[in-house]
Amino acid sequence: MTKKRVSRRKLLKAGAAVGLTAMYYKRIAHAARPVIKAGLVGCGGRGTGAAHNLLEAASKTGIDVRLWALADVYRSHAERAANSLKKRAGFEVGNRIFDDFDGYKKLIDSGVDLVLLATPPGFRPEHFEAVVEAGKHCFTEKPVATFAETCRRFMRAGEESVRKGLTVVAGTQRRHQRP
């Protein structure tokens, strides 16, 4: 075997070409990524905070997430959340603010891909079942339910989400606190 020597100049040219090609393909791949439309059900302090957390995490990872719809039993809560979130990139709620006890159904039907559930836990199993039935991905705050039977309902819906290939994530408590 004979050794071929590669000059420093040829190595730098080849490295630059590889780097530019990688940047080009990364730009194409990034442009081809779909927009993830998220909807928030439960627009109180924790829900609004969860929406802020989602948009912040998305901006750090380069994932294109848009807040698409809001739902709360009280319209004033949803409007307050909308005002709080207006300054964030990725905010596109527009007229997709739903209220009343069936607002979550309208939100699910509004074209969202991901639903954030931040309602009181007594409502969460029913809301989660509707999210899974509609084939949407879900982030849910904890606790997911309050009684044994509602926990079982939530778990059955969770099993169905696995069969459908949906992503479901539950909130954690004090995960980022040093102690």
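Look above for the structure.
Residues numbered from 1 in each chain as written. Predicted model: local features only at pLDDT ≥ 70, side-chain atom pairs only at ≥ 80, totals over all residues. Heavy atoms only, no water.

## A few points about the sheet that holds strand β4 (residues 114-117)
As a reminder of what qualifies: Between any two strands, pairing holds if DSSP finds at least two bridges. Helix and strand labels come from DSSP, where a helix needs a run of H or I of at least four residues and a strand needs a run of E of at least two; each type is numbered from the N terminus. Axis definition: a line fitted to C-alpha atoms, limited for helices to the stretch in contact. Angles are taken between N-to-C directions and run from 0 to 180 degrees. Contacts are assigned to residue pairs with any non-hydrogen atoms lying within 4.5 Å of each other.
The strand order β3-β2-β1-β4-β5-β6 describes an open sheet built from 6 strands, whose pairing is parallel. Edge positions in the open sheet fall to β3 (97-99) and β6 (168-170), since each of these has one partner strand only. Averaged over all pairs of adjacent strands, the angle between their axes in this sheet comes to 20°, without regard to strand direction. Examined bridge by bridge, strand β2 (residues 65-72) and β3 share 3 bridges and lie parallel to one another. Bridge pairing in β3 links A71 to F98. Packing of helix α2 (residues 45-61) onto the sheet brings it into contact with β1 (36-41), β2, β4 and β5 (137-140), and relative to β2 it is tilted by some 175°.

## With respect to the pairing of β2
We apply this condition: Here the term buried applies to any residue with accessible area under 20% of the maximum for its type, exposed to any over 50%, and partly exposed to those in between, with areas from a 1.4 Å probe on protein chains only. For a crossover, the right-handed case is the one in which the path from the first strand over the helix to the second runs clockwise, viewed with the strands pointing away from the viewer.
A large share of β2 lies buried, amounting to 7 of its 8 residues. As defined by bridge partners, β1 adjoins β2 across 6 bridges and the pair is classed as parallel. Note that in β2 the partner of L40 across the bridge is L70. In this fold, β1 hands off to α2, which returns the chain to β2; that crossover is right-handed.

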